[in-house]
Amino acid sequence: MKKLVYAFLSLMLCLLLHGYSYGQEVNDTIDGDSAIGEEPQTRDNRSENEAVAADEEDKTAAAEIVITATKTGIRKKETGASITVITAEEIEQKKKNFVVDMLKDTAGISVTQSSPLGGIADLNMRGTASNHVTVLIDGVKVNDPSQAGHGFDFAHLSTDNIERIEIVRGSQSVLYGSDAIGGGINIITKKGEGKPKVSIKAEGGSFKTFKESAGVSGGTDWAYYSFNVARTDSQGFTRTSSWKGIRKSFLRRHYTDGYDNTAVSTNLGIKTLHDSWLSFTLRFTDANMDIANGAYEEDKNHTFHNQNLAFNVKYSIPIFQWWESSLVFSYMNQLTRDKNLPDFYEYATSVYNYGAFASFGYSNMTFHGKLMAGEWKNTFSINDMDEIVCGVSYEKEYAQTVPYWFSFNEFFSAAMDGTAPIDKNAGTWAVYAQNHLKLYKRIFVIAGARYTRPDHFHDSVDFGVSGSFIVPVAETRFKASVGSGYKIPSLYQLYNAFERFNRYTFAYLNPEETLSYDIGIEQPLWEKKITFEINYFSIDYINMIVYDTNLDNWGRYWNSNALTRGVECIASITPIDDLTFRGYYTFTRAHDKTLHTGDLLRRPRHQAGVSVNYAFLQNGNVNLSFTYVGARRDYWRYPYFNRMDSYYKFDLAASWWIIEQLQAYIRIENVLDRKYEEVRGYRAAPCSVYGGLKAEF
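This one's a predicted model, so the numbers in the text were calculated from it and none came from an experiment.

## A closer look at the side chain of Thr627
Secondary-structure assignment places Thr627 in strand β32 (residues 620-629). Of the polar contacts made by the side chain of Thr627, one reaches the side chain of Asp105; its length is 2.6 Å. Those residues in contact with Thr627 that sit more than four places away from it in its chain are Lys104, Asp105, Ala608, Gly609, Tyr647, Tyr648 and Lys649.

Next comes the structure, spelled out in structure tokens:
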């Protein structure tokens, strides 16, 4: 490891010397130009029309800039990766309160949630599992080390104070390491600018749901700030679907599952010496909810608590015009608690299911995950044709589980059952480098590699290459990318002892490896008012970790092989300035190649969506969206499987600025009141109506 660090330092020293000599040549050239009296063109030298056109071009370019693909900031057209950006404007148009609801209408992504208002949300990107996607909040990795697969639950993440959501599909292991073998999602908080601005919002609607939020933001040339706090309270509705027996007669009609959520976010920055910037971002979420015992099994005193804190401190130093260095420290703390007190209803359900073996039960399970990471990142720019990003990172993760499950029946006076406690940690060193070559403003190539050295597994070297070529005149863009991935088993998968039987998975479970590629074409028409995009993707898994009951009736983590392939079709049409049509279709075929159990769980083969947004009379806006999800494989009554029916729904949002500072809006979800399930045994919300006021001054 020392040799690698020394080699990295030597590389930066060479680049420093090269950049210094290059800077001297540039200065000599500039001095020479001044000597012959040639004045460089500035904004003052251009005509007013040219200046206006340049401003419009700058705004368009800023809207196309993405950070996640290279950790710097490039235009979408400069990378061969498949990227979707959900902007603050789109969030405002749809009036969605949670990020998970925005992701449900995105190409290449399928989301399954065990009921709205806090139900566990699993995200599958191009057929991969939720734990195969790195989730970042302002660059802070928030994948939970204490959960089974090291994934992230999107259920409680609100859209408040979010500037954009960047989604990069395909392996991103070169820059983000383990967990990014399927892709990456980066949620970016708004950065204040200009005069102080205050925003207040109040909303109410179905299921006695109320939400209040307040925020303030602003900025100058030397500092910026943004702060927001939001609170959601809901009486909720019965989460589980109807099922024969006692549950239906006891709690089906009148019982509801409540939910509350408190969210705080901030983004601060200040300019220091030599144009350096010190920034701080934080997002805190605290949620409580009533949950069911499982599919079809409602319970009136089963509660779930979720708390997440993520923050980072970043210091960016422009050492030279061509070299910027950044030091980053990030911290994530995730706490979840599942508590279920015994009650007569639960005992009656147990009698119905197990007869003489019925029992009282009590559970109080706590899962605590923590992740700390440090990174030294350097960006080298060579003219406008090349950019090199390289860095060293170290992350340390901790997982603590304190499960407690007590049961009593006439045969056993008391018994401990469930998952044995875990108190483990692991660290990972990594060195990465990536080069972004730009030729003639039409040829772009990105190539990189990453060396990873985890504590408990063998070292790994991963690579990634992508290219983009824009055809002159027609502006047709051809793109492609290929990359490898390496995912370390989670601490839970390695050290969990399930059902009191130690599975010793740490002795045989291997890291997951992937080879993924995609190719695509993008065609703009009619001055970019029409854009079509088609992508083909393939992800080949080696040693994919699955939880299977075929080889072991009690259930066990195994390594398996899998393959996922598919096609994404994306279109955007803007016939007039105020009217926009967006649509997508995704076909995904994900299946197990080792156990041959068919399609991977909860991956629909067909998914599509269309949204229409119309802004009218300068003050009004209407957004109508349609979502279709095809049939998919799911548990019937664990461990048995069956196929779930397809479903579709319509959502509607409308707003009107009453005066310049006050907006009224309404949102109707599931307009046609369709009855469907995303996860078998859990209800989706019926037709729901919400309305509110938003003030800005």
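## Focus: the environment of Val402
Residue placement: Val402 occurs in strand β18 (residues 386-402). For the pair formed by Val402 and Asp423, sequence separation is 21 residues and the distance between their alpha carbons is 8.8 Å.

## Digging into the sheet that holds strand β6 (residues 133-137)
The sheet built from five strands is open, its strands ordered β3-β8-β9-β6-β7 with mixed pairing. With one partner strand each, in any of the chains shown, β3 (82-87) and β7 (140-141) form the two edges of the open sheet. In terms of strand pairing, β3 meets strand β8 (residues 162-169) through six bridges, oriented antiparallel. Considered in β8, the bridge of Ser82 is made with Arg169.

## Brief notes about a nonpolar patch on the surface
The grouping of Tyr440, Ile443, Val445, Phe463, Val465, Phe469, Phe478, Val482, Leu515, Tyr517, Ile521 and Ile534 at the surface amounts to a nonpolar patch, some 1,000 Å² of accessible area in total. The set of elements that each furnish at least two residues to the nonpolar patch consists of β22 (443-454), β23 (460-470), β24 (477-487) and β27 (512-525).

## Brief notes about unusual backbone geometry
Non-glycine residue Asn383 carries a positive phi angle of around 50°. By the secondary structure assignment, Asn383 is in the loop between β17 (360-382) and β18. You can call Asn383 partly exposed: its relative accessible area is 45%. In this structure, Tyr440 is a non-glycine residue whose phi angle is positive, near 55°. Along the polypeptide, Tyr440 turns up in the loop between β21 (422-439) and β22. Classification of Tyr440 by relative accessible area gives exposed; the value is 74%.

Cut-off values and rules
Residues numbered from 1 in each chain as written. Predicted model: local features only at pLDDT ≥ 70, side-chain atom pairs only at ≥ 80, totals over all residues. Heavy atoms only, no water. Helix = DSSP H or I, 4+ residues; strand = E, 2+ residues; numbered from the N terminus. Polar contact = N/O pair within 3.5 Å; in protein donor to acceptor, adjacent residues only side chain to side chain. Contact = heavy atoms within 4.5 Å. Pairing = 2+ DSSP bridges. Patch = residues over 30% accessible without salt bridge, like charges linked within 9 Å, V, L, I, M, F, W, Y side chains within 5 Å. Areas by Shrake-Rupley, 256 points an atom, 1.4 Å probe, with all protein chains shown as cover. Salt bridge = Lys/Arg side-chain N within 4 Å of Asp/Glu carboxyl O. Buried < 20%, exposed > 50% of the residue type's maximum accessible area, 1.4 Å probe, protein only.

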